[in-house]
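Residues per chain, in single letters:
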Amino acid sequence: MMVRNNGRPQGHLLAIFAIFFVASIATAEIFYTAFSPVIQDGFVNTAAKICPVAQDGYTSNNFPWTHDPTCVNVVLPNEEGTGLGIHQTFCTYTNVNYNNGRGISFVVSPEVAASITSETFGMSVGGLEGQVGEEMGMWEVKEAGWKGRGLFAKKDVGAIFSGESVILKTPVLFVAKELLATPSTSRRQFVLKKAVEQLPRKIQDILMKLDVSVDGTVEDIVTTNGITVKWPWVDENPELLTVIPEAARINHACRPNTLWRFDDYTLSFEVFALKDIKPGEEITRSYGFEKRSSHRRVKSLEANFGFTCQCALCTAPEPILSASNDRLSEIKALKSVLPTDQKDTPQLLGLLPNLIQQLEEEGLLAELPMYEEILAYTWSSFGIEDRARYWAGRARRHWAVVAGRESWDQRRVGDLFDDVRGHSTWMSWEGDPWEGIWKEGTEISPLKELAFPVHRI
Ligand SMILES: C[S@@+](CC[C@H](N)C(=O)[O-])C[C@H]1O[C@@H](n2cnc3c(N)ncnc32)[C@H](O)[C@@H]1O
């Protein structure tokens with residue numbers, strides 16, 4: 001039986017290193033992978049209607065779908081990318097009633113479909129919809145020059161504050177990225193078209209009017225507007241492209257004013273403000289590559305998304321671009337010398353304030369709280385209360401934006417902020433924290449940190 005547990009590990013740390021290394025490791029899950037014993041190939045035999053999907057060890061014909069799945073067998077490229085590999089089945093699964101009649105279609109393997117439980121369907125964010133974004137008059141779709149149309153904060157409402165939700169919707173389409181890599185063009189297009197045709201008419205019309213890049217097929221709509229999410233409920237965590245028509249209008253910026261999160265349990269997709277957005281300002285998100293230098297960023301966006309970036313940074317005058325490139329190099333260099341051995345922890349006091357400052361100046365805000373939190377634990381471990389509290393306060397504020405006000409991350413560092421001396425990291429460093437910290441001929445020095453003002457939070 002698959003166990004779904006969105007809870008995260010509790011407990012404290014001389015957390016500095018744990019955060020570093022554990023943050024990137026996905027929460028371990030026990031995955032239940034089902035295999036559909038009868039796969040009908042919709043392309044070969046379009047009359048075949050039944051494509052049973054195993055659920056919790058039992059087999060049911062169409063749960064929770066309102067249409068019988070339609071499947072195709074395709075050949076995937078092999079792992080080396082040098083030729084064709086194994087055959088794989090992908091099917092269209094639709095629930096036309098999902099989320100108060102918004103509807104939802106998946107074009108995925110039977111294993112992925114089998115991992116979607118009735119619980120997920122019961123937890124849809126239907127109740128919250130209608131309170132966020134469009135319906136609240138927060139934003140509107142308008143012309144955005146070279147970028148086509150875009151999403152803008154409405155002029156006649158106040159600012160959208162950092163952390164505030166801008167869009168909270170369920171996707172209407174999920175497509176396995178693997179399918180898009182197959183050479184079986186007609187089979188691929190067959191199931192993709194089916195997935196749209198089975199959705200409610202209103203959503204079909206909205207989907208088919210989204211921006212396109214090549215030929216206006218459903219595949220083109222999916223690749224132009226889809227956002228990549230990982231599906232953690234089956235082995236190998238396949239990537240799915242998901243289309244949320246409202247979010248699809250958001251243009252790319254290398255220094256965006258929103259971030260998004262996808263809850264793979266409730267299937268809710270939320271776009272939220274990363275910083276305050278003024279009335280009339282364009283709402284942007286990053287499609288990726290934001291840490292690369294300007295030239296490489298533009299090339300990567302062209303290669304992966306087929307457009308030449310016209311965002312504020314990419315079109316900025318040369319001195320601004322080169323200052324940004326310098327900061328990006330500095331950020332990379334600082335990250336590369338961060339200590340990986342616990343005995344070198346004191347070096348963090350010199351390196352992290354510099355890194356945080358560069359990230360802040362560069363507008364790479366999403367990365368701030370992790371480093372601020374590490375710094376807070378470091379000061380706490382050396383028994384310097386005001387500095388531990390200062391950095392914990394900053395980390396807590398930034399986590400509340402980046403991970404959410406109710407997030408575990410925000411609460412975790414909040415524990416330190418609320419009671420530094422009672423925290424498990426307090427005075428946990430054994431020995432003299434200043435020993436070996438000044439390295440002859442290097443800039444690794446805590447002096448920079450000591451120059452940081454300690455504000456009352
Ligand atoms: C997901 S859509 C965004 C909304 C789209 N502009 C529209 O009119 O619906 C992605 C497309 O918008 C355009 N676009 C998005 N961000 C851009 C940017 N920074 N510079 C130039 N074009 C951009 C590109 O044509 C891209 O293929």
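Residues numbered from 1 in each chain as written. Predicted model: local features only at pLDDT ≥ 70, side-chain atom pairs only at ≥ 80, totals over all residues. Heavy atoms only, no water.

Student: Would you mind showing me how to read the packing of aromatic side chains here?
Tutor: Given two aromatic rings, their pairing is described by the distance between the two centres and the angle made by the two planes. Throughout the structure, instances matching the rule amount to 13 aromatic pairs. Pairing Trp65 with Tyr93 gives two aromatic rings, centres 5.3 Å apart and planes at 45°, and the pair type is tilted. Within this pair, whereas Trp65 is found in the loop between strand 2 (58-60) and strand 3 (70-77), its partner Tyr93 is found in strand 4 (residues 84-95), the two being separated by 28 residues in sequence. Classification of Trp65 by relative accessible area gives buried; the value is 4%. When its relative accessible area of 0% is taken as the criterion, Tyr93 is described as buried. (Phe/Tyr/Trp six-rings, centres within 6.5 Å; stacked < 30°, edge-to-face > 60°. Helix = DSSP H or I, 4+ residues; strand = E, 2+ residues; numbered from the N terminus. Buried < 20%, exposed > 50% of the residue type's maximum accessible area, 1.4 Å probe, protein only.)

Student: Would you take a moment to explain the state of the cysteines for this structure?
Tutor: Simply put, the disulfide is a covalent bond whose two ends are the sulfur atoms of two cysteines. In this structure the tally under the stated criterion is 1 disulfide. A disulfide bridge connects Cys71 with Cys91, and the sulfur atoms are separated by 2.0 Å. Its torsion about the S-S bond being 100°, the disulfide of Cys71 and Cys91 is classed as right-handed. Here Cys71, found in strand 3, pairs with Cys91, found in strand 4; they are 20 residues apart in sequence, far enough to count as distant. Summarising the burial analysis for this pair, Cys71 and Cys91 share the class buried. Cysteine Cys254 is unpaired, with the sulfur of Cys314 as its nearest cysteine sulfur at 3.6 Å. For Cys254, a relative accessible area of 0% corresponds to the buried category. Summary of cysteine pairing: Cys314 is not part of a disulfide, and the nearest cysteine sulfur, belonging to Cys309, is at 3.5 Å. (Disulfide = S-S within 2.5 Å.)

Student: Where do I start with the pairing of strand 14 (residues 268-273) in this structure?
Tutor: The element strand 14 is largely enclosed, with a buried count of 6 among its 6 residues. A two-sided burial pattern is seen for strand 14, the buried positions comprising Ser268, Glu270 and Phe272 on one face and Phe269, Val271 and Ala273 on the other. Sheet topology places strand 8 (residues 165-169) next to strand 14; 4 bridges connect them, and they run antiparallel. Pairing of Leu168 across the sheet is with Glu270, part of strand 14. Bridge analysis of strand 13 (residues 258-263) against strand 14 gives 6 bridges, and the strand direction is antiparallel. Opposite Leu259, over in strand 14, you have Phe272 as the bridge partner. (Pairing = 2+ DSSP bridges.)

Student: What is the right way to read the sheet that holds strand 11 (residues 239-243) from this model?
Tutor: Pairing is mixed across the open sheet formed by 6 strands, whose spatial order is 3-4-5-9-11-10. Here the strands that pair on one side only, and so sit at the sheet edges, are strand 3 and strand 10 (227-230). Averaged over all pairs of adjacent strands, the angle between strand axes in this sheet comes to 25°, irrespective of strand direction. As paired elements, strand 9 (residues 173-176) and strand 11 share 4 bridges and run antiparallel to each other. Each residue of the ladder has a partner; that of Phe174, found in strand 11, is Thr242. On top of the sheet, helix 8 (residues 218-225) reaches strand 9, strand 10 and strand 11; it is set at about 100° to strand 11, its chief contact. (Axes fitted to C-alpha atoms, helices over the stretch in contact; angles between N-to-C directions. Contact = heavy atoms within 4.5 Å.)

Student: Sorry, what's going on with the packing of helix 10 (residues 318-336) against helix 11 (residues 348-362) here?
Tutor: For any two helices packed against each other, one specifies the inter-axial angle together with the distance between the axes. The N-to-C vectors of helix 10 and helix 11 enclose an angle of 150°; their axes lie 10 Å apart at closest approach. Classified by the interaxial angle, the pair formed by helix 10 and helix 11 is roughly antiparallel. Classified by chirality, the crossing of helix 11 by helix 10 is left-handed. Of the residues in helix 11, those touching helix 10 at Ser324, Arg327, Leu328, Glu330, Ile331, Leu334 and Lys335 are Leu351, Asn354, Leu355, Gln358, Leu359, Glu361 and Glu362. A class-by-class count of the residues in the contact of helix 10 with helix 11 yields 6 nonpolar, 3 polar and 5 charged. (Parallel < 35°, antiparallel > 145°, perpendicular 65-115°, else oblique. Left-handed = near helix turned anticlockwise from the far one by under 90°. Nonpolar A, V, L, I, M, F, W, Y, C, P; charged D, E, K, R; others polar.)

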